[in-house]
Amino acid sequence: MDQLIFAMAAATDALRTVGPDQIEIVTLTRGRICLQPTDIDRGEQIARALGCESPLDHRMFVPGHTLWTGERDGLEVQVRSALRQVVAP
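Definitions and cut-offs
- Residues numbered from 1 in each chain as written.
- Predicted model: local features only at pLDDT ≥ 70, side-chain atom pairs only at ≥ 80, totals over all residues.
- Heavy atoms only, no water.
- Helix = DSSP H or I, 4+ residues; strand = E, 2+ residues; numbered from the N terminus.
- Buried < 20%, exposed > 50% of the residue type's maximum accessible area, 1.4 Å probe, protein only.
- Polar contact = N/O pair within 3.5 Å; in protein donor to acceptor, adjacent residues only side chain to side chain.
- Core = buried A, V, L, I, M, F, W, Y, C linked by side-chain atoms within 4.5 Å.
- Contact = heavy atoms within 4.5 Å.
- Salt bridge = Lys/Arg side-chain N within 4 Å of Asp/Glu carboxyl O.
- Pairing = 2+ DSSP bridges.
- Axes fitted to C-alpha atoms, helices over the stretch in contact; angles between N-to-C directions.

**What about the side chain of Thr66?**
Next, step 1: Here Thr66 is to be found in strand β4 (residues 65–72).
Next, step 2: Since its relative accessible area comes to 0%, Thr66 is described here as buried.
Next, step 3: A polar contact of 2.7 Å, which involves the side chain of Thr66, links it to the side chain of Asp57.

Below you can see the structure in the form of structure tokens.
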């Protein structure tokens, strides 16, 4: 199967998992699925539902955001969320 068609099928499955109404933008490449939630504040919850456990905080952007990454069906998955408020121990 062509990798782009495979990525489209994996993105469709991800949308079914979190609910298509929860996602505003889907960007695909042959090896990556990027999702932007309709409500950016729900991004972390959506990311975790898809198995994305690695956060990367982008504090220099305005507004800042966190990009959660993980792997699903052999593809990198990225989900944008509101900037995490990390609490120091």
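**Overview of the nonpolar core**
Next, step 1: Core analysis: the largest hydrophobic core is formed by 16 residues, its most contacted members being Ile33, Leu35, Ile46, Leu50, Cys52 and Val79.
Next, step 2: Taken together, the elements giving at least two residues each to this core come down to α1 (3–18), β2 (32–37), α2 (43–49) and β5 (75–82).
Next, step 3: A per-element tally of this core places α1 first, with five residues.
Next, step 4: In contact with Val79, not counting residues within four places along its chain, are Leu35, Pro37, Gly43, Ile46, Ala47, Leu50, Cys52, Thr66, Leu67 and Trp68.

**As for the pattern of salt bridges**
Next, step 1: Counted under the stated rule, the structure contains six salt bridges.
Next, step 2: Linking Asp13 and Arg72 is a salt bridge whose minimum nitrogen-to-oxygen distance equals 3.0 Å. Placement of the pair is Asp13 in helix α1 and Arg72 in strand β4, with a sequence separation of 59 residues.
Next, step 3: With relative accessibility at 30%, the residue Asp13 sits in the partly exposed group.

**Examining the pairing of strand β3 (residues 54–58)**
Next, step 1: Direction of pairing for β3 relative to β4: antiparallel, over a ladder of five bridges. Residue pairing across strands places Pro55 opposite Trp68, the latter belonging to β4.
Next, step 2: Counted between consecutive antiparallel strands, the loop separating β3 from β4 contains six residues.

**So, the environment of Thr17**
Next, step 1: In this structure, Thr17 sits in helix α1.
Next, step 2: The class of Thr17 is partly exposed, set by a relative accessible area of 40%.

**Considerations on the sheet that holds β5**
Next, step 1: One open sheet accounts for five strands, arranged β1-β2-β5-β4-β3; its pairing is mixed. A strand with exactly one partner marks an edge of an open sheet, and here the two such strands are β1 (23–28) and β3. Averaged over all pairs of adjacent strands, the angle between strand axes in this sheet comes to 20°, irrespective of strand direction.
Next, step 2: Running at roughly 160° to β1, α1 makes contact with β1, β2, β4 and β5 of the sheet.

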